[in-house]
Structures are given as structure tokens and as C-alpha cells.
Amino acid sequence: MLANCYFGYSFVVVITMAQIPGQENKEKTTALKGEQLDLLSRIDLDELMKKDEPPLNFPKTLEEFEYAFNEQGRLRHTTTGEAYVFNAREDLHRWNQKRYEALGEIITHYVYQLLETKCNLTKEIVPVDATEEEPKSFIYLSADAMSNPAKLLVLIQGCGVVRAGQWARRLIINQDLDSGTQIPFITRAQEEGYSVMVLNPNENHLEVERPAKPTPLLSPEASDEPAEKRERKDDRESKKKRDFYEKYRNPQKESETEQIPIRENGSPEEHVLYVWDHFVSKAAARNVFVVAHSYGGLSLVELMIQREAQVKNRVCAVAMTDSIHNIWHQDANKSIQEWLQQHCRNWVSSPEPLDTPVEPMLSDCPRVSAAGQENGPIQAIIKRTTLVIPTASDLVDSLNTNASFVNV
């Protein structure tokens, strides 16, 4: 609007600007975002969480959880006899997830007990020269693991929350112990005269709670801050609200923690290398056999890259299950690729009949079908031969066929 004066008369000229295309929608979107942020700013998410979510305090034992493993190794409620139900409380995913994780920790220690009582394995601390103060891990060994002169079985699990003796926590909880633990492999191997080493590649650090940061005192001059600086601070506060809202919606840790790595065992690859150097390579067994699941296959290939001559000299054969190793990304040389072709099989998820060759993605170890088993390749191996490990005499003549992996 413009105002001008001519000869004592005032004229008002109104100029209407054309609406810029999309401007109206942009203004509406901006206004809507502002309303949402304003709504978030008025929500006390601490109070919301207290009202909607029960305390994250869970039982410490299976008995307190009112669950037990029956004679078939299936987890059942001690009163109703029903299987574990994840959604114990509707619309409280975070609480249900935390409950599941708490049960998983109990089961981890339950499996440790089975390794010691049912399988008669002993715990060996790593690093072997660890001090009392430093973080440490452990593996499990049979009594003859270092002295058996004939054959040694080494079990390497995949990555994630699973610990020594487990293949998959989900299978232990939802199906049975035989499906989700390494116990069937261990017991059958011991019956057939194998010594056993159970690795623990995911125990890589000690997790401790990080001390809370002191709340900074507000500056007396805070109210005199420039408008632009106050706007940036408001934006940060809004982001904190949104982040906290996401924390409410998604399962996350309640307190900040920091991880102190375990010396020479700070990753699955480091752990496998360490156990090889300090245990497997020093064992008396002339023939070493390996079962490696998922990330365990990657760790084994990494071990070969680091200790190629030693592995070739000691390891007779490897049974992999859904291994995620990659000879290109891991930069495995041609001789390693050739060795994998001759000494390994990788059982993978496939609808084809059991042991049917599956098209390889890379030119390394042959892939064969796990026959669409509900529990995947691990269960396929158990069902096929109870325990799939090649005998030394089979290696020369039959490792190029599907029949190369036979009973212990």
C-alpha cells in the first residue's frame, strides 16, 4: 500500500501482490510444524512415560519369571503351560522388549550352567594373563581340549546378543534348547571322541554406566541474549523433546553407558584370532573341525587371512551355516579361495531339497540347501546327520561332493 499527496489531496494506492505458487502450502506446512512443536513442548514426556509404562523392573530368575524348560527343552509357563508371549502388555512395545531382553539374559546364564553341568565343559578366562581389574571374557573347553591327540571341534556363533553355547536366542525362547543352542553338537561330538572348544565372540567389552553430566547453571544474562541466539536455543530444546519422544517410542537404554573393550578380544574377529593363537594352535589334536554360523564364517575367513599357513595345516574341514563372509570385501587371496572350495560347505536357506547345490554368489566355498528348515541351516544340519562333521578319511575322495559331510 502506497500513500501520496498531490495538490493537497491524499491518494491511497493499493497494490495486490500475486501469490507465489506453493507459498500458501509452505506457510500452512510451517504453521502446522509450529503447532506440532508447540504441542510437544507442552507434553511432559517424563510424566507420560510414568503413566503409560510400568516400571522396568523384571525378575532375575526363570522361577521368578514363572517359566521353565520342560523335558523336551521347550520354555513353558509354570502355571498355564503356554509358550512365551512377547506382547504381554498391548501397546507397550518398549516394555515388552525390555522384558524379553531380561529373560534373554537369564537364559544366557542358564545355558552357561548347561555347558558346565550337562556337557562338563570348563570356563577359561581370556585374555589368559588378565589382571583382576581389567575387563575379561571367557570360552568353554572340554577337559581334553588341549590334550586330545586326534580331533577337535571348534564352534563359532554369529553376532548379536548370543553368548557362548547359543546359536539363536529367539529359537531357544520360541522353540527349544536343541534348536537354539550348541548343546546337540557338543554332546554328539563328545560321544564320538572329539574334544570341544566353544568360542564367545560377542563378549567384547565391559559396559559401565556413564556418570551423569552436571546441569549447567543458567547465565544471569540469559534473558538479554539476542533473539537469533534464543531461537537457536529453542530449536535445540525442541529437538531434545523430539529425541526424548523417540526414546519413548523405541526400545533404548535408559541411562548412558560406555564400553571398555576387552584386550585383544574387542571384536568377533579379534576374539577368534586370539583363541586360535592361545588355544587352538596349541592343542594336541591333529585334525581340527569348525562349525561357523553367520558372522562366525566371516571371522573364520579373517582368521585365514591372518594365519593362512597354520589354518591350512590344522583345519580339515568347515561346516558353515548362512555364513556372511565375503572373499572380495575381505580381500582373501586366490589360495584361500581354493582352500575354501575344497574344505568348506555353506548350508544356506533355500526351498530346494536338503544338500542340493545352490548357485554360489562368489567363487569360494560351495553352497548347499538347508531345505527350507524352519530353524534355518543350523537345524538342517542337526536333522541331516545329528552332527555334520567330515571325517578325515572322507576329505581326500569326497569333499567335492555333497556327501562330503558325514556323521562324526
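Analysis parameters
Residues numbered from 1 in each chain as written. Predicted model: local features only at pLDDT ≥ 70, side-chain atom pairs only at ≥ 80, totals over all residues. Heavy atoms only, no water. Axes fitted to C-alpha atoms, helices over the stretch in contact; angles between N-to-C directions. Helix = DSSP H or I, 4+ residues; strand = E, 2+ residues; numbered from the N terminus. Parallel < 35°, antiparallel > 145°, perpendicular 65-115°, else oblique. Left-handed = near helix turned anticlockwise from the far one by under 90°. Contact = heavy atoms within 4.5 Å. Nonpolar A, V, L, I, M, F, W, Y, C, P; charged D, E, K, R; others polar. 1 Å grid on protein atoms, 1.4 Å probe; cavity = no way out; pocket = protein on both sides within 12 Å on 5 of 7 lines; lining within 4 Å. Points joined across faces, edges and corners; volume = space filled by probe spheres on them. pLDDT = per-residue confidence, 0-100. Pairing = 2+ DSSP bridges.

A.B. asks: Before we go on, may I ask you to explain the packing of helix α9 (residues 268-278) against helix α10 (residues 295-306) in this structure?
C.D. replies: The packing of two helices is summarised by the inter-axis angle and the distance between the axes. One way to put it is that α9 packs onto α10 with a least axis distance of 9 Å and a crossing angle of 55 degrees. What the angle tells us is that α9 and α10 run oblique. α10 is crossed by α9, and the crossing has right-handed handedness. On α10, the residues that touch Pro-268, Glu-269, Val-272, Leu-273 and Trp-276 of α9 are Tyr-295, Leu-298, Ser-299, Glu-302, Leu-303 and Gln-306. Classifying every residue of the contact of α9 with α10 gives 7 nonpolar, 2 polar and 2 charged.

A.B. asks: Explain empty space enclosed by the protein here, please?
C.D. replies: A water-sized probe, rolled over the atoms, reveals where empty space remains. The tally for this structure, following the rule as stated, stands at 1 cavity of 30 Å³ or more. Considered as a void within the structure, the largest cavity measures approximately 80 Å³ in volume. Lining the largest cavity, in full, are Val-154, Ile-156, Leu-199, Val-272, Val-275, Trp-276, Val-280, Val-288, Val-290, Leu-300, Leu-303 and Val-315. Residue composition of the lining of the largest cavity, by class: 12 nonpolar, no polar and no charged.

A.B. asks: I keep staring at the confidence of the model for the chain and nothing clicks. Help me out?
C.D. replies: Any segment with low pLDDT has predicted coordinates that should not be analysed in fine detail. Confidence in the prediction of the chain, expressed as mean pLDDT, is 79, and 67% of residues score 70 or more. For residues 1-20, every residue scores under 50 in pLDDT, and the model assigns this stretch 13 contacts once sequence neighbours within four places are set aside. In the predicted structure, residues 382-408 sits below a pLDDT of 50 and forms 71 contacts with residues beyond four places in sequence or in another chain.

A.B. asks: I tried to follow the packing of α10 against helix α12 (residues 334-343) on my own but got confused; where do I start?
C.D. replies: With their axes 10 Å apart at the nearest point, α10 and α12 run at an angle of 135 degrees to one another. What the angle tells us is that α10 and α12 run oblique. With respect to the hand of their crossing, α10 and α12 are arranged in right-handed fashion. Each of Val-301, Met-304 and Ile-305 in α10 lies in contact with α12, whose residues at this interface are Ile-336, Trp-339 and Leu-340. Classifying every residue of the contact of α10 with α12 by side-chain character gives 6 nonpolar, no polar and no charged.

A.B. asks: What is the right way to look at the sheet that holds strand β12 (residues 315-321) in this model?
C.D. replies: Pairing between the strands of a sheet is mediated by backbone hydrogen bonds and can be parallel or antiparallel. A sheet is described by the order of its strands in space; here 9 strands give the open sequence β5-β6-β8-β7-β11-β12-β13-β15-β14, paired in mixed fashion. Each edge of the open sheet is held by one strand with a lone partner, namely β5 (122-126) and β14 (357-358). Across 6 bridges, strand β11 (residues 287-293) lies against β12 in parallel orientation. Its bridge partner lying in β12, Ala-292 is registered against Met-320.

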